[in-house]
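Per-entry structural report
The residues making up each chain are set out below.
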There are 2 protein chains.
Amino acid sequence: MLTSISERLQDRFDSLTRAERQLVAVITENYPVSGLGSITSLAEKAQVSTPTVARLVQKIGFKGFPEFQAQLRSELEATISGPIAKHDTWAEAVPDSHILNQFTEAVMSNIKTSIGQINTETFDQCCALLADNKRAVYVVGGRITRAMADYFFLHMQVIRPGITHIQAISNAWPHYLLNIERGDVVVIFDVRRYENSTLKLAELAAAKGAEIILVTDQWISPVSRYTKRVFASKITVPSAWDSSVTTLLLLETIIAQVQQATWPETRARMQELEAMFDDTKFFRKFT
Amino acid sequence: MLTSISERLQDRFDSLTRAERQLVAVITENYPVSGLGSITSLAEKAQVSTPTVARLVQKIGFKGFPEFQAQLRSELEATISGPIAKHDTWAEAVPDSHILNQFTEAVMSNIKTSIGQINTETFDQCCALLADNKRAVYVVGGRITRAMADYFFLHMQVIRPGITHIQAISNAWPHYLLNIERGDVVVIFDVRRYENSTLKLAELAAAKGAEIILVTDQWISPVSRYTKRVFASKITVPSAWDSSVTTLLLLETIIAQVQQATWPETRARMQELEAMFDDTKFFRKFT
DNA sequence: TCCTATTTGTAAAAAACTCTTCAAATACTT
DNA sequence: AAGTATTTGAAGAGTTTTTTACAAATAGGA
């Protein structure tokens, strides 16, 4: 296996010349950042000439400076990224090339990117809106996002009263709009291909003074023109389809947060539900 | 004080254009290493043109790409001299203690554990079964898993004919059973609290000689007594609720794999669907 | 539907960088 | 101390990278 650059430099240090040692000292001192600039700047910092640098990297086995730098970058990547990116933990059981691995890696990366970009203030504000029982909540899903909207609705329904699921795709949605009042919350799901009916619905809801929360993809649905509360998830994966995993993660986090905020009031609802399950014997006893 | 590049990018994210957002996603994903190569390689990775990169860095206040890179290096220097481990991408923007972080970390860990435990042979076999058009496929969801079953159904419906969604909770399911034949595939979703009707349905389906695929949680539904094809996901998170993220990831991977396996036959179906969308103008043009 | 504004990429010019050549400087040997 | 071998940097050739100018494509509005 290829050894790291700093190792190679250390190994050959004895056989190097004065100018080269000077150079190695500079590279090692602030490793590996100092090697990431231009060959010129590195030479200047070490007070040697550029040919000296070029010769050194060739000496330790690279075709040229750019190749040396590329290696440096890839080492850096390995250093910086945590165990997740390196898939050390789970790659062992599954061959790298298997789709399970490829897919999981892509999803992990999507999650990291998307969650990192979320503004926590926006997040907290949205949760506060959803936890406010005085505001009615409407959940709007489209063709693709139907399942996500349904999942969100299902949980929120247990947590709080006054929640309604609107299928933006159906003909019935204008009727729901009649009930929307100023201050109500409308959670809109819209990913590519963005749906015209959803956009129209958003426009009307905004006109009625509703607070709109938009859950969308990295390309951002045009619904965003009616609200500042936007959650954009990265959804591209090695598949003919887009991934909803990041979106689901976001939803579950929102659910957890709202649940926590409303716990005192929700507690009773939850217990009632539990009791109902026990009575009906609809479910098996929790194992 | 000068703000960091990733901050600058995220601050202005809303006001950026499509190509620029693509670019930001790539930069952020493997930050900051991806920005340390040439402008050309960065542009290629993000699938945008080099001028787009040049324009973006100017937009966020640099004279040119080299200056941008210099700043990136100096940030890196500051980061590296400190604890490297702290550098997780999402940890920068989100305080450690925030629920977004706790939740994401828990989910990541669930994913790692669950995907690692999957037997690739079982996985491949299941995909092969689902890709076989000669077998009818039935998808069975319960109360909690309804949304997951629906999501799976929605995608499979596009990929292949002969797929049916059964709500195990409804009264209608015995009728569906009549149609099940030897060799048909029944995909059953069952997480705690395991539902009696689902178990009964599995028993009957097994008696008719159906191939059962079970998607369940870490405690494994009793349906497992009727099949060896079991996918168990870890679903515990810091919440009053269980997480479905890992399950969804599994489903999407199966969808991707089946899609790939049946591509030649599916291609036509997909194109027809696309054409329909274009005709109906139901959706907006993909941005 | 057409028109305007914006966005995006192509292509070529400008700039920067990398590498090679060669001669001067240095170190080493006899 | 002189000769030889090695090391080093200046300079420029050749390459790549960055930037700019402009035209095509796209989106949004009338």
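Reference entry: report on the structure contained in this document. Computed from a predicted structure; not experimentally measured.

1. Remarks on the packing of helix α8 (residues 120-131) of chain B against helix α12 (residues 245-261) of chain B
All names here are of chain B. One can describe the packing of α8 onto α12 by two numbers: an axis separation of 9 Å at closest approach and a directional angle of 55 degrees. In terms of their interaxial angle, α8 and α12 are classed as oblique. The handedness of the crossing between α8 and α12 comes out as right-handed. Residues F123, C127, L130 and A131 of α8 touch α12, and the partners they reach there are L250, T253, I254, Q257, V258 and A261. Along the lines of polarity and charge, the residues of the contact of α8 with α12 split into 8 nonpolar, 2 polar and no charged.

2. Re the protein's contact with DNA strand D
Around DNA strand D sit 21 residues, and of these A:T17, A:A19, B:I39, B:G64 and B:F65 come closest. Backbone sugar and phosphate groups make up 73% of those atoms of DNA strand D lying within 4 Å of the protein. In the environment of DNA strand D, a phosphate oxygen lies 2.3 Å from a nitrogen or oxygen atom belonging to the side chain of A:T17. Between A:T52 and DNA strand D, the recorded distance is 3.0 Å, taken from a side-chain N or O atom to a phosphate oxygen. Where the surface near DNA strand D is concerned, the elements lending two or more residues are α2 (18-29) and α4 (50-59) of chain A together with α3 (39-46), α4 (50-59) and α5 (65-81) of chain B.

3. What to know about the pairing of strand β2 (residues 163-167) of chain B
Residue and element names in this part refer to chain B. Alignment of strand β1 (residues 137-141) against β2, held across 5 bridges, turns out to be parallel. Of the residues in β2, the one forming a bridge with V137 is I163. In the classification by handedness, the crossover that spans β1, the intervening helix α9 (residues 146-159) and the parallel β2 is right-handed.

4. A short note on the protein's contact with DNA strand C
In the region of DNA strand C, 18 residues are neighbours, and A:I39, A:G64, A:F65, B:T17 and B:A19 sit closest. Each atom of DNA strand C within 4 Å of the protein belongs either to a base or to sugar and phosphate, the latter forming 65%. A distance of 2.2 Å separates a phosphate oxygen of DNA strand C from a polar side-chain atom of B:T17. Mapped by element, the contributors of at least two residues to the surface near DNA strand C are α3 (39-46), α4 and α5 (65-80) of chain A together with α2 (18-29) and α4 of chain B. In terms of residue count, the dominant contributor to the surface near DNA strand C is α4(A) (4 residues). Residue classes in the surface near DNA strand C are distributed as 8 nonpolar, 8 polar and 2 charged.

5. Quick look at the pattern of salt bridges
Tallying each qualifying case throughout the model produces 13 salt bridges over all chains. For B:K59, the salt bridge is made with B:E20, and the minimal N-O distance between the two is 2.9 Å. Of this pair, B:K59 sits in helix α4 while B:E20 sits in helix α2, placing them 39 residues apart in sequence. Ionic contacts of the salt-bridge type, sharing partners, join the residues A:D132, A:K134 and A:R135 into one network.

6. Structural notes on the side chain of A:S34
Residues and elements named next belong to chain A. In this fold, S34 is placed in the loop between α2 and α3. You can call S34 buried: its relative accessible area is 4%. Reaching out from S34, the side chain makes a polar contact with the backbone oxygen of I27 at a distance of 3.4 Å. Once residues lying within four places of it in the same chain are set aside, the contact partners of S34 are V26, I27, L42 and K45.

7. Some thoughts on the nonpolar core
General note: in soluble globular proteins, nonpolar side chains tend to be found buried as a group. Ranked by internal contacts, the top residues of the largest apolar core, which has 91 residues, are A:L130, A:F152, B:L130 and B:F152. Residues within four places of B:L130 in sequence aside, it is in contact with B:V137, B:F152, B:M156, B:R160, B:V185, B:V187, B:I213, B:I254 and B:V258.

8. Overview of the environment of A:G37
Of note, A:G37 is situated in the loop between α2 and α3. Taking relative accessible area as the criterion, A:G37 reaches 8% and is therefore assigned buried. A C-alpha to C-alpha distance of 8.6 Å links A:G37 and A:Q69, two positions 32 residues apart in sequence. With near-sequence residues (within four places) excluded, A:G37 lies in contact with A:F65, A:Q69 and B:R73.

9. Comments concerning the sheet that holds β2(B)
Residues and elements named next belong to chain B. In space, the 5 strands of this open sheet follow the order β2-β1-β3-β4-β5, with parallel pairing throughout. Single-partner strands in this sheet number two, and they are β2 and β5 (229-233). Along the sheet, successive strands turn relative to each other by an average axial angle of 15 degrees, direction set aside. Sheet topology places strand β4 (residues 211-217) next to β5; 5 bridges connect them, and they run parallel. Residue pairing in the sheet places I213 in a bridge with R229 of β5. Contacting β3 (185-190), β4 and β5, α12 runs over the sheet at an angle of about 135 degrees to β5.

10. Some words on the packing of aromatic side chains
Throughout the structure, instances matching the rule amount to 8 aromatic pairs over all chains. For the pair B:F62 and B:F68, a centre-to-centre distance of 5.7 Å together with 80 degrees between the ring planes defines the contact as edge-to-face. Look at B:F62 and you get buried, because its relative accessible area is 8%. Clustering of aromatic rings is evident, with ring pairs tying together A:F62, A:F65 and A:F68.

11. Concerning helix α11 (residues 196-207) of chain B
Residue and element names in this part refer to chain B. For α11, spanning 12 residues, the distance from its first C-alpha to its last is 17 Å, which sits close to the expected 16 Å at 1.5 Å a residue. Among all positions of α11, only S197, T198, L199, L201, A202 and A205 are buried. On its buried face, α11 is in contact with β1, β2, α10 (173-179), β3 and β4.

12. Overview of unusual backbone geometry
Residues and elements named next belong to chain B. A positive phi angle is found at Q47, which is not glycine, with a value near 55 degrees. Mapped onto the elements of the fold, Q47 is located in the loop between α3 and α4. Judged by relative accessible area, Q47 falls into the exposed class, the value being 67%. Its identity as a non-glycine residue notwithstanding, I220 has a phi of 60 degrees, on the positive side. Relative to the elements of secondary structure, I220 occurs in the loop between β4 and β5.

13. Points about α9(B)
Since the α-helix packs 3.6 residues into each turn, any two residues three or four apart lie on the same face. In this model, α9(B) (14 residues) spans 20 Å end to end at C-alpha, consistent with the 20 Å of a helix rising 1.5 Å per residue. Those residues of α9(B) lying buried are B:A147, B:M148, B:A149, B:D150, B:Y151, B:F152, B:F153, B:L154, B:H155, B:M156, B:V158 and B:I159.

14. Notes on the sheet that holds strand β3 (residues 185-190) of chain A
Residue and element names in this part refer to chain A. Spatial strand order, β2-β1-β3-β4-β5: 5 strands in an open sheet with parallel pairing. Across the chains shown, the open sheet's two edge strands, defined by having one partner strand only, are β2 (163-167) and β5 (229-233). Adjacent strand axes in the sheet meet at a mean angle of 15 degrees, parallel and antiparallel pairs treated alike. Taken strand by strand, helix α12 (residues 245-261) contacts β3, β4 (211-217) and β5, and its axis lies near 135 degrees from that of β5.

Criteria and cut-off values
- Residues numbered from 1 in each chain as written.
- Chains lettered and ligands numbered in written order.
- Predicted model: local features only at pLDDT ≥ 70, side-chain atom pairs only at ≥ 80, totals over all residues.
- Heavy atoms only, no water.
- Axes fitted to C-alpha atoms, helices over the stretch in contact; angles between N-to-C directions.
- Helix = DSSP H or I, 4+ residues; strand = E, 2+ residues; numbered from the N terminus.
- Parallel < 35°, antiparallel > 145°, perpendicular 65-115°, else oblique.
- Left-handed = near helix turned anticlockwise from the far one by under 90°.
- Contact = heavy atoms within 4.5 Å.
- Nonpolar A, V, L, I, M, F, W, Y, C, P; charged D, E, K, R; others polar.
- Near = heavy atom within 4 Å.
- Polar contact = N/O pair within 3.5 Å; in protein donor to acceptor, adjacent residues only side chain to side chain.
- Pairing = 2+ DSSP bridges.
- Right-handed = clockwise from strand over helix to strand, strands pointing away.
- Salt bridge = Lys/Arg side-chain N within 4 Å of Asp/Glu carboxyl O.
- Buried < 20%, exposed > 50% of the residue type's maximum accessible area, 1.4 Å probe, protein only.
- Core = buried A, V, L, I, M, F, W, Y, C linked by side-chain atoms within 4.5 Å.
- Phe/Tyr/Trp six-rings, centres within 6.5 Å; stacked < 30°, edge-to-face > 60°.
- Expected span 1.5 Å × (residues − 1).

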